[in-house]
Amino acid sequence: MKRLAVLGSTGSIGQSTLAVAAEHPEEFAIVSLAAGKNVPLLAEQIRQFKPALVSVQDEAAAAQLRELVAPDLAPEILVGRAGALAVATAPGADMVISAMVGAVGLEPTLAAIRAGLPVGLANKEILVAAGPLVMSLAQERRVPLLPVDSEHSAIFQALHGQRRADVRRLWLTASGGPFRSWEAARLAEVSPAQALKHPNWNMGAKITIDSATMMNKALPVERIEVYIHPQSIIHSLVEFVDGSVLAQMGMPDMRLPIAYALSYPRRLPLNSPPLDLCRIGRLTFERPDLNRFPGLALGYAAAKDGGTMPAVLNAANEVAVAAFLKGRLKFLDIPRVVEQTMVAHVPQPLTDLEQVLAVNAWAREFAEGLTFRQG
Ligand SMILES: NC(=O)c1ccc[n+]([C@@H]2O[C@H](COP(=O)([O-])OP(=O)(O)OC[C@H]3O[C@@H](n4cnc5c(N)ncnc54)[C@H](OP(=O)(O)O)[C@@H]3O)[C@@H](O)[C@H]2O)c1
């Protein structure tokens, strides 16, 4: 029996993780859950999974939760940063699922690694913001990081049993989001409701917008390339030095990469519709258009600068997406805010967590100021 701590349990990935756990009660127990402000859903999760410890974003949410949960079920309820850190290192946990959205997930994820707990990592923003720190700590503590993102999981699966030296390139696939074939002029007037309608995936708001701007594929570095693949059936590909290419395929359902991370190296049966390639009929591929989707080009630039620049890109993007969702920014202003924040930053070599948090705070404040000016 694996005992799980879930960071971001009320989000799209968090809920899918709990759905996989519920499908295999003989395999998984839930020891702790961290949520933000969705108290009614967290209360339901507490009733179903009976964790010993939960955390919410603030005192108001904690008070609401105490009212909703019967005293005989009531787990320990903690709040804010300290609460998330406690959930990530809960006594008895064997594995942590990192699925909060954005840089707020960085500290609890590092705490889990420091405590020697394997991490199922959905929160890719923390790898963008502080990838080298996260990876070196994981190596130092010999803690496995198992990818929960569908592309990362596809590459992880395709690399299985292969020699790293035999890899020529990685190909990430991107659906292209709802505006894949839109003219640049139409993109200017996109509404939040339109941008939230993803053709293939049902995800949280922030990553759905990242998918529409293609910011979610924004860090291709040397030997990593991006294909637009509108059907989202091939989740990514690995090309080897002999020209052979391994692709991982499956229906667009996040329970697949989640279950693989949870049960690796085994596979768990899942109650999901099988992939029917005859019904899908055609798998198509295009090159991304960096002019219509400047998020990708910004990603290349941030990766090239390295150091603290990717953390700035990530923080500015979080602020710009939130402002777009509130109707304060236009869709095409999202990459503008990110770019202007990057231009205002002189990147430094990455040193430690405090530096990343300080850069994150600076970039958030700078970008926030820009969102009022642009909007
Ligand atoms: N969804 C996908 O298919 C998918 C695929 C690949 C990667 N990812 C990555 O996985 C992560 C989660 O994505 P998602 O789609 O599941 O996001 P989501 O639906 O927006 O959920 C985010 C979760 O984080 C919690 N949260 C937000 N701010 C918080 C704070 N300040 N303190 C504590 N908790 C906070 C939310 O709590 P409340 O809702 O209770 O406020 C919620 O539980 C992201 O990093 C995303 O890039 C997602």
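Our subject is the structure listed above.
Quantities reported herein were computed from a predicted structural model and do not represent experimental measurements.

## Considerations on the nonpolar core
- Leu106, Phe179, Val190, Ala195, Phe324, Phe331 and Met342 are the most contacted members of the largest nonpolar core, which totals 60 residues.
- Setting aside anything within four residues of it in sequence, one finds Phe324 in contact with Val190, Ser191, Pro192, Ala195, Ile209, Leu329, Lys330, Phe331 and Ile334.
- Grouped together as the second largest cluster of nonpolar side chains are 35 residues, Ile13, Ile30, Val69 and Ile77 included.

## Some words on the packing of aromatic side chains
- Under the counting rule described, the total for this entry stands at nine aromatic pairs.
- Pairwise contacts between aromatic rings join Phe179, Trp182, Phe324 and Phe331 into one cluster.
- Sitting above the plane of the Phe372 ring, Arg328 keeps its charged end 4.1 Å from the centroid.

## Topic: unusual backbone geometry
- Cis geometry is found at the peptide bond from Tyr264 to Pro265, where omega equals 10°.
- One non-glycine residue, Arg142, adopts positive backbone phi at about 50°.
- As for its position among the elements, Arg142 is in the loop between helix H6 (125-140) and strand E7 (145-147).
- Its relative accessible area of 76% is what places Arg142 among the exposed residues.

The rules behind these values
- Residues numbered from 1 in each chain as written.
- Predicted model: local features only at pLDDT ≥ 70, side-chain atom pairs only at ≥ 80, totals over all residues.
- Heavy atoms only, no water.
- Core = buried A, V, L, I, M, F, W, Y, C linked by side-chain atoms within 4.5 Å.
- Buried < 20%, exposed > 50% of the residue type's maximum accessible area, 1.4 Å probe, protein only.
- Contact = heavy atoms within 4.5 Å.
- Phe/Tyr/Trp six-rings, centres within 6.5 Å; stacked < 30°, edge-to-face > 60°.
- Lys NZ or Arg CZ within 6 Å of the ring centre and 35° of its normal.
- Helix = DSSP H or I, 4+ residues; strand = E, 2+ residues; numbered from the N terminus.

So, to be careful, I would describe these as geometric facts and stop short of saying anything about function.
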